[in-house]
Amino acid sequence: DGRIRQSLGTRYDSKEGVFDWDYFMRLKEIPEGSRINPREYKHWRATGVAFTWLETEVSEPNPTLASGIVKLGHRLLNHGYLGDIVSPPYLGFGTDSEDKDMLVARNGVNVHRSTDIVEANLRRMFHEIATQTEFKQTTSSDKELGTVITELSAVQEIPEREEDDEEDPEKQEDFRKRDDYTCLPVEGTKVVFLPTSALLDLPRKPNLKNFFDLVMVSQNLTQRLSPEVMTMAKDGAILLAETRKFLTGGSHRP
């Protein structure tokens, strides 16, 4: 909310109108932008919660894009949010699909939300990465997304955590320990997260000269694409640069 106040300034009191304008006058003008439900977009702008499912509620925080994260017992405190608050996260996977049934519209209204399209696309992607086989819809229930519990017997009780465990430092997980866990093992592949300052430091390493076959640059880091950075790319390497084509924000974009 603090970033919204800073971004909109005197227009904060009429923020619903700003969100409405950004959707109908900007987002819908983007190719396939109309597949994003206006309620989805405006709910995300107001709350920061992009993906919701029927019969469920958001119960766990996602600190992925939070800065200044501090662990306090079993809680995570953060002092800022670094993600985009104007251009929605639906554009990457939520406006098109190989399964054309997900794109059906009736009476000018999309049958499926952008959230549903995102989930279907990611399910297909993860399946094909994990199994190296084409994903095929097997039943109509594959498209009926969301979790609905109809029998109480299906609900497992979660044992309450003993209060003593919260105070015992020996039983607390060391959050500084490197996490090598992967939920989707891919042979010969490893993801390493680095700060943006690495663009200045890594070109100086001799072992990274002419090292990369592919370089991808996001739209907010194109100004850091220097000749020194490109020395790490092999001759004939592929360079992918993200454009600002799908950005929604105008003059008030933070």
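Below or above, wherever it landed, is the structure these notes cover.

Cut-offs used in this document
Residues numbered from 1 in each chain as written. Predicted model: local features only at pLDDT ≥ 70, side-chain atom pairs only at ≥ 80, totals over all residues. Heavy atoms only, no water. Helix = DSSP H or I, 4+ residues; strand = E, 2+ residues; numbered from the N terminus. Expected span 1.5 Å × (residues − 1). Buried < 20%, exposed > 50% of the residue type's maximum accessible area, 1.4 Å probe, protein only. Arc of directions from axis to C-beta. Contact = heavy atoms within 4.5 Å. Axes fitted to C-alpha atoms, helices over the stretch in contact; angles between N-to-C directions. Parallel < 35°, antiparallel > 145°, perpendicular 65-115°, else oblique. Left-handed = near helix turned anticlockwise from the far one by under 90°. Core = buried A, V, L, I, M, F, W, Y, C linked by side-chain atoms within 4.5 Å. Salt bridge = Lys/Arg side-chain N within 4 Å of Asp/Glu carboxyl O. Polar contact = N/O pair within 3.5 Å; in protein donor to acceptor, adjacent residues only side chain to side chain.

Turning next to helix H2 (residues 15-26). For H2, which comprises twelve residues, the first-to-last C-alpha distance of 15 Å matches the rise-based estimate of 16 Å (1.5 Å per residue) to within 8%. Listing the buried residues of H2 in full gives Lys-15, Val-18, Phe-19, Asp-22 and Tyr-23. Along the axis of H2, the buried residues cluster in a sector spanning 130 degrees; they form a single face. Among the structural elements, helix H1 (2-8) and helix H3 (38-47) are those in contact with the buried residues of H2.

Let us look at the packing of H2 against H3. Closest axis-to-axis distance for the H2/H3 pair is 10 Å, and the angle between their directions is 135 degrees. By the angle between their directions, the pair H2 and H3 is classed as oblique. In the crossing of H2 with H3, the sense of the turn from one axis to the other is right-handed. Where H2 approaches H3, its residues Val-18, Phe-19, Asp-20, Asp-22, Tyr-23 and Phe-24 are matched on the opposing element by Pro-38, Tyr-41, Lys-42, Arg-45 and Ala-46.

Moving on: the nonpolar core. In this structure, Ile-4, Leu-8, Leu-27, Ile-36, Tyr-41, Trp-44 and Tyr-90 are the most contacted members of the largest nonpolar core, which totals 16 residues. Elements that contribute at least two residues to this core include exactly H1, H2 and H3. Considering each element in turn, this core owes the most residues, three residues, to H2. Excluding residues within four positions of it along the chain, Leu-27 makes contact with Asp-22, Gly-33, Ile-36, Tyr-41, Pro-88, Leu-91 and Thr-248.

So, about the pattern of salt bridges. Tallied over the full model, the rule gives ten salt bridges. For Lys-42, the salt bridge is made with Asp-20, and the minimal N-O distance between the two is 3.0 Å. Pair noted here: Lys-42 is in helix H3 and Asp-20 is in helix H2, with a separation of 22 residues, a long-range link. A relative accessible area of 28% means that Asp-20 is categorised as partly exposed. One salt-bridge network, held together by shared partners, links Asp-22, Arg-26 and Arg-45.

It is worth spelling out H3 at this point. Turning to H3, its buried residues number three or more, namely Glu-40, Tyr-41, Trp-44 and Arg-45. Buried residues of H3 fall within an arc of 125 degrees about the axis and therefore sit on the same side. Where H3 begins, the capping side chain belongs to Asn-37, and its oxygen is found 2.7 Å from the backbone nitrogen of Arg-39. Among the residues trailing H3, Gly-48 stands out with phi positive, at a value near 85 degrees.

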